[in-house]
There are 2 protein chains.
Amino acid sequence: MALAAHCQRRAGAGRPAASSPRPLPAVAPRPVVLAAAAAAAAAPAAPSSSSVPASKLIDGKGIADTIRSEIAAEVAAMKAETGLTPGLAVVLVGARKDSETYVRSKKKACAEVGFDSFGTDLPADVSEEELLKHISEKRILDAISIDKDVDGFHPLNIGCLAMRGRDPLFVPCTPKGCIELLERLHVPIAGRKACVIGRSNIVGMPAALLLQRRDATVTMVHSKTPDAARICAEADIVIAACGVTEMVKGEWIKPGAVVIDVGINAKDDPTAKKGYRLVGDVDFEAAGARASLITPVPGGVGPMTIAMLLQNTLESARRAAQGIKAPAH
Amino acid sequence: MALAAHCQRRAGAGRPAASSPRPLPAVAPRPVVLAAAAAAAAAPAAPSSSSVPASKLIDGKGIADTIRSEIAAEVAAMKAETGLTPGLAVVLVGARKDSETYVRSKKKACAEVGFDSFGTDLPADVSEEELLKHISEKRILDAISIDKDVDGFHPLNIGCLAMRGRDPLFVPCTPKGCIELLERLHVPIAGRKACVIGRSNIVGMPAALLLQRRDATVTMVHSKTPDAARICAEADIVIAACGVTEMVKGEWIKPGAVVIDVGINAKDDPTAKKGYRLVGDVDFEAAGARASLITPVPGGVGPMTIAMLLQNTLESARRAAQGIKAPAH
């Protein structure tokens, strides 16, 4: 669970604290020097010995790097103007290796863009009572405060995502990253057919809502859909988030479709050093032969998730600096 | 806007008030004598001179009457056990004839099932300040209290509707009524294709979420969908809620599909007394020729909306009587 814990006051910073009655100046989004050109020029991380041409690859890593540069520039500006530093607190329960790796990546990413980060690690068998003991009341309040729900998982955020005329305070990071990839690559969404495979609360469902908000005609297929392949084969945009190794075959992909693969699965591979390699929910080679654009795994959606978490955290800090608390939804 | 204002204490009722520290007994749902058989035997209100056979008609009025009988029996039992009476408060802003008619229907329906009802009518040009003056603070708090959001429109309710593993406190009345019709007629939903036409916050979007929760594969089509007819023609279940007179033509309907028509539109008809008649968003005759079941307009979805509002109000009162306030979502 990640939550914003920003605007820690730095000694010597020249402006009044956020609690001061004197209003803080608005931190307007500012043009920043983009690293886009350099990122685009770098070869995306395609799976080795792939027959999918590099021109079809969506360079999630490069785009995420660009976004992180943009964020770093904005953080520097915010610090200079307000003396405030965005911060991210992560509460990790249990010692799952993959979670630990993910948390380490988050902390590293925070440091790189100039955020503070705070961590609390608790054993997997922590009781609810113990959990409450370890975290201060304020932190718990912060944790449930929708203003700091930078994961975007609060049902109030999801409700606002679903409703026309409302805007969520935060959009869940992974589906937000999928849409960001489409938008940065100028993939048209309005009026197109989209198929979202999988309906999880953290990826599939919010991805469908985001596509629908952008005027796509969205079908969400799931484990109870009898003819997912045929439905998927009509889609101009496919977001695969079912968590099943290479479930989406080549024939599921309409020629020219854009394929966003959210899956990260370990697949046995005796030729690989570790005995396995990472693959997505899409059969990359077969789908890549038909798609016009496709995300590789790794190096596609993965890097975007943390970039979007940083973006949400910055947005939360920016609102706090402007004294906006849970604007009307 | 409707909100629960239930559990008004009646003089002489035999139990402590809701504010008493002594816990009130749970009011369990109880078996009631159904009016279903009688309702099913009555001929549904089909449009006059229709060629659609009565066996295909979904008798929304009859089913709504059954539900209202069930609610009346439960209200009587609740009053006897707890001395509490469910109540519904309606705030009407402006003097639109159709809204006034709807509010009158709500009040009449409340009286019939034994609810109290409360109304506040304000002019259309009421300022927000005036609105706040006319309603007591408590009423405003009640209005925004999710425990009394019997319309089910609060984004927190919509968020819980969208999320797996969560349940909204209240489901919006019209889409809830659509699903209730399908379920009372034993129309299979899981594994079927559903097409929802229209994506309003109060009908289309929540209808899609409800179908999706029941494991249908749902496509929501809307004004930006280029080939709505073709998508609709693949659906086993069609919910039309686009607000366009008879937009859904016969060829949009897959033979054997079940068609729920939410629309109520006035259509010029010189043969009718008033010079118009009410029609839905579906071309009833043409669609009825292909569908296995279809709702007439009027007498289909319409009566279900108020029945579901009464059901939500009763549910709210039942929770209040049990001392459950906003159970974990």
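Refer to the structure printed above.
Note that this is a predicted model, so its numbers are computed, not measured.

Draft legend 1. Representation of the overall build of chain A. Across its full length, chain A carries eleven helices and twelve strands. Residues counted as buried form 52% of the 329 residues belonging to chain A. Contacts spanning at least 24 positions in sequence make up 71% of the contacts within chain A whose residues lie at least 6 apart.

Draft legend 2. Just the nonpolar core, in detail. One finds A:Leu182, A:Leu211, A:Ile239, B:Leu182, B:Leu211 and B:Ile239 to be the most contacted residues of the largest nonpolar core, which totals 124 residues. If you count residues domain by domain, this core takes at least three from each of domain 1 (1–12 + 82–150) and domain 2 (172–304) of chain A. With near-sequence residues (within four places) excluded, A:Leu182 lies in contact with A:Val187, A:Ile189, A:Leu211, A:Ile237, A:Val258 and A:Ile260.

Draft legend 3. Main features of the pairing of strand S7 (residues 217–221) of chain A. Residues and elements named next belong to chain A. Taking burial as the measure, the five residues of S7 include five buried ones, the bulk of the element. The alternating pattern of S7 places Thr217, Thr219 and Val221 on one face and Val218 and Met220 on the opposite face, and all of these are buried. Pairing between strand S6 (residues 193–197) and S7: five bridges, direction parallel. Each residue of the ladder has a partner; that of alanine 194, found in S7, is valine 218.

Draft legend 4. Fine view of the interface of chain A and chain B. Taken together, the contacts link 33 residues of chain A with 33 residues of chain B. The contact between chain A and chain B buries some 2800 Å² in all, and 53% of this surface belongs to carbon and sulfur atoms. Linking chain A to chain B there are eight salt bridges. Residues B:Glu234 and A:Arg230 are paired through a salt bridge, measuring 3.9 Å at the closest nitrogen-oxygen approach. Elements with a minimum of two residues in the side of chain A that touches chain B: helix H6 (155–162), helix H8 (204–213), S7 and helix H9 (228–232) of chain A. Broken down by element, the side of chain A that touches chain B gets its largest block of residues, six residues, from H6(A).

Draft legend 5. Structural context of the packing of aromatic side chains. Going through the model one piece at a time under the given rule, you end up with zero aromatic pairs over all chains. One residue, A:Arg319, lies across the ring of A:Phe170, its end atom 4.8 Å from the ring centre.

Draft legend 6. Spatial organisation of the packing of helix H2 (residues 60–82) of chain A against helix H3 (residues 97–113) of chain A. All names here are of chain A. It is the contact of H2 with H3, at a shortest axis distance of 8 Å, that shows an interaxial angle of 55°. Looking at the two axes, H2 sits oblique to H3. Here Arg68, Ile71, Ala72 and Val75 of H2 come into contact with H3, specifically with Ala109, Glu112 and Val113. Here the residues of the contact of H2 with H3 sort into five nonpolar, no polar and two charged.

The rules behind each value
Sequence positions are assigned chain by chain, starting from 1 and proceeding in written order. Chain letters start at A and ligand numbers start at 1, both assigned in the order the entries are written. Local features in a predicted model are, by the rule used here, given only for residues with pLDDT of at least 70; side-chain atom pairs are given and counted only at 80 or more, and totals for whole chains, interfaces and linings are based on all residues. Derived side-chain values reflect all non-hydrogen atoms in the structure, with water molecules and hydrogen atoms excluded from consideration. Only DSSP runs of H or I covering at least 4 residues are called helices, and only runs of E covering at least 2 are called strands; the numbering of each starts at the N terminus. Relative accessible area decides the class of each residue, using a 1.4 Å probe on protein chains only: under 20% of the type maximum gives buried, over 50% gives exposed, and in between gives partly exposed. Residue contacts are defined here by distance: any two heavy atoms, one from each residue, within 4.5 Å place the two residues in contact. Residues belong to a common nonpolar core when they are buried Ala, Val, Leu, Ile, Met, Phe, Trp, Tyr or Cys residues joined through side-chain atoms within 4.5 Å. What counts as a domain boundary in this text is fixed by an automatic or database domain assignment. For two strands to pair, DSSP has to find at least two bridges joining them. Buried surface area refers to the total accessible area, computed with a probe of radius 1.4 Å, that the two partners give up upon joining, counted for both partners together. Throughout this description, the term salt bridge denotes a Lys or Arg side-chain nitrogen within 4 Å of a carboxyl oxygen of Asp or Glu. Two aromatic rings, drawn from Phe, Tyr or Trp (for Trp, its six-membered ring), form a pair once their centres lie within 6.5 Å of each other, and the interplanar angle then sorts them: stacked below 30 degrees, edge-to-face above 60, tilted otherwise. A ring is considered to have a charge above it if a Lys NZ or an Arg CZ atom is located within 6 Å of its centre and within 35 degrees of its normal. To define axes, lines are fitted to C-alpha atoms, for helices over the stretch in contact only, and angles between the resulting N-to-C directions are given on a 0 to 180 degree scale. Reported orientations rely on four angle classes, namely roughly parallel under 35 degrees, roughly antiparallel over 145, roughly perpendicular from 65 to 115, and oblique for the rest. Three classes are used: nonpolar for Ala, Val, Leu, Ile, Met, Phe, Trp, Tyr, Cys and Pro, charged for Asp, Glu, Lys and Arg, and polar for all others, with Gly counted as polar.

Just geometry here; none of it tells us what the structure is for.
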